[in-house]
Amino acid sequence: MISIDLSSKTALVMGVANARSLGWAIAQQLLAAGCRVGFSYQGERLKPELEKLLAGHDNTWIMQADATSEDDLSALFARVGEEFGGLDYLVHSIGFAPKAAMDGRFIETTPADWNTAMSVSAYTLVSIARHAEPLLRAGGSIVSLTYHASQQVVPKYNVMGVAKAALEAATRYLASEMGAAGVRVNCISAGPMRTIAARSIPGFGDMYDKAAKAAPLGRNATSEEVGKLALFLLSDMGSGITGEVVYVDAGAHIMTMKLD
Ligand code: NAD
């Protein structure tokens, strides 16, 4: 029997808004494996929900941090150092693009909306990795969440597709620089999941149903399946994998079309 024991490991999970968040699906797997987990949340509004989710989980702590604020990141990683002394796993489950940039035509994207989407959804992986680097131990691993709109046009994803392409490229550059210290960096490309972030995408419900029909497995992947892949990639199970984009979408991305 293979079991994953992470009771000597520490993790920071960034981007849990509620029970549907992919960050929470990942955190649940880490907690079930015995890992000690710190959580950061974007703003005070989100604190009660996170406290509710973590009730009964003793090996956890939480702290507010806007990922676009250097001051917040400095304070967060100072706390990681105090709590854990070092860090094994880092989960970046953060994304945002202004609604106007997804409602309209891509060609109309404003510089402000472009910068916001790129800064929150892609650059934060770089700044977070930089803050984490002095704490990350050999054997450590970073995972972030991407979507296939980085590779092919998905209607309405617009600048978010561009930001995900930047996130995937940033993953490769980070992996190439951090590998010498024994740290791996990977992306999980998840199929559509019903989360708060997904709700802001125009026509998401329709796309969710179509993706399920198009997928070889005839359904969408689940957030639990995202969590299990993250556990694999973060832990020693994924020790030979870095700079990679690994799909968990019930195979949807391999299809161009499906005949009824
Ligand atoms: P979610 O809304 O539950 O999580 C998004 C998180 O990003 C929230 O916790 C939010 O507070 C956080 N965030 C946004 N701006 C931030 C900032 N400035 N500082 C700190 N945190 C900030 O939705 P989710 O679907 O779980 O999204 C998590 C990740 O998964 C995102 O990168 C998203 O693009 C990606 N993803 C989602 C899907 C899907 O269909 N839901 C598919 C593929 C990839």
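Anything mentioned here points back to the structure above.
Below or above, wherever it landed, is the structure these notes cover. From a predicted model like this one, the values you see are computed outputs, not experimental measurements.

## Focus on helix 3 (residues 70-84)
- With 15 residues, helix 3 extends 21 Å between its outermost C-alpha atoms, agreeing within 8% with the 21 Å of an ideal straight helix rising 1.5 Å per residue.
- Taken residue by residue, helix 3 has Asp72, Leu73, Leu76, Phe77, Val80 and Phe84 as its buried positions. All buried residues of helix 3 project into a common sector of 125° when viewed along the axis, lining one side. In this structure, helix 3 carries Asp71 and Glu82 as exposed residues pointing more than 90 degrees from its buried face.

## Some points on the packing of helix 3 against helix 5 (residues 111-132)
- Remark: helix 3 packs on helix 5, axes separated minimally by 10 Å, with the N-to-C direction vectors making an angle of 35°. For the pair helix 3 and helix 5, the sense of crossing is right-handed. In this structure, helix 3 contributes Glu70, Leu73, Ser74 and Phe77 to the contact, and helix 5 contributes Ser127, Ile128, Arg130, His131 and Ala132.
- Class assignment of the residues belonging to the contact of helix 3 with helix 5 gives a composition of 4 nonpolar, 3 polar and 2 charged.

## Thoughts on the packing of helix 1 (residues 22-32) against helix 9 (residues 223-234)
- Contact geometry of helix 1 with helix 9 gives a least axis separation of 8 Å together with a crossing angle of 55°. If you check the angle between helix 1 and helix 9, you find them oblique. Crossing of helix 1 over helix 9 shows right-handed handedness. On helix 9, the residues that touch Leu22, Ala25, Ile26, Gln29 and Leu30 of helix 1 are Ser223, Glu224, Val226, Gly227, Lys228, Ala230, Leu231 and Leu234.
- Residue composition of the contact of helix 1 with helix 9, grouped by class: 8 nonpolar, 3 polar and 2 charged.

About the thresholds
- Every chain is numbered independently, its residues counted from 1 as its sequence is written.
- Local features in this predicted model are restricted to residues of pLDDT 70 or higher, and side-chain atom pairs are both shown and tallied only at a pLDDT of 80 or more, whereas totals for entire chains, interfaces and linings draw on every residue.
- Excluding hydrogens and water, the side-chain figures rest on all heavy atoms present in the structure.
- Secondary structure follows DSSP: runs of H or I at least 4 residues long count as helices, runs of E at least 2 residues long count as strands, and numbering of each begins at the N terminus.
- Helix span is expected to be 1.5 Å times the residue number reduced by one.
- Burial here depends on accessible area, computed with a 1.4 Å probe over protein chains only, as a share of the maximum for the residue type. Under 20% is buried, over 50% is exposed, and the range in between is partly exposed.
- Each C-beta atom gives one direction from the helix axis, and the arc is the one those directions make.
- In this analysis, axes come from line fits to C-alpha atoms, helices being fitted only over the stretch in contact, and the angle between any two N-to-C directions falls in the range 0 to 180 degrees.
- If you view the pair so one helix is near and one far, a crossing is left-handed when the near helix is turned anticlockwise from the far one by less than a right angle, and right-handed when it is turned clockwise.
- Contact definition: two residues touch when any of their heavy atoms are within 4.5 Å.
- Each residue is assigned to one class: nonpolar for Ala, Val, Leu, Ile, Met, Phe, Trp, Tyr, Cys and Pro, charged for Asp, Glu, Lys and Arg, and polar for all the others, Gly among them.
- For classification purposes, an angle smaller than 35 degrees is called roughly parallel, one larger than 145 roughly antiparallel, one from 65 to 115 roughly perpendicular, and anything else oblique.

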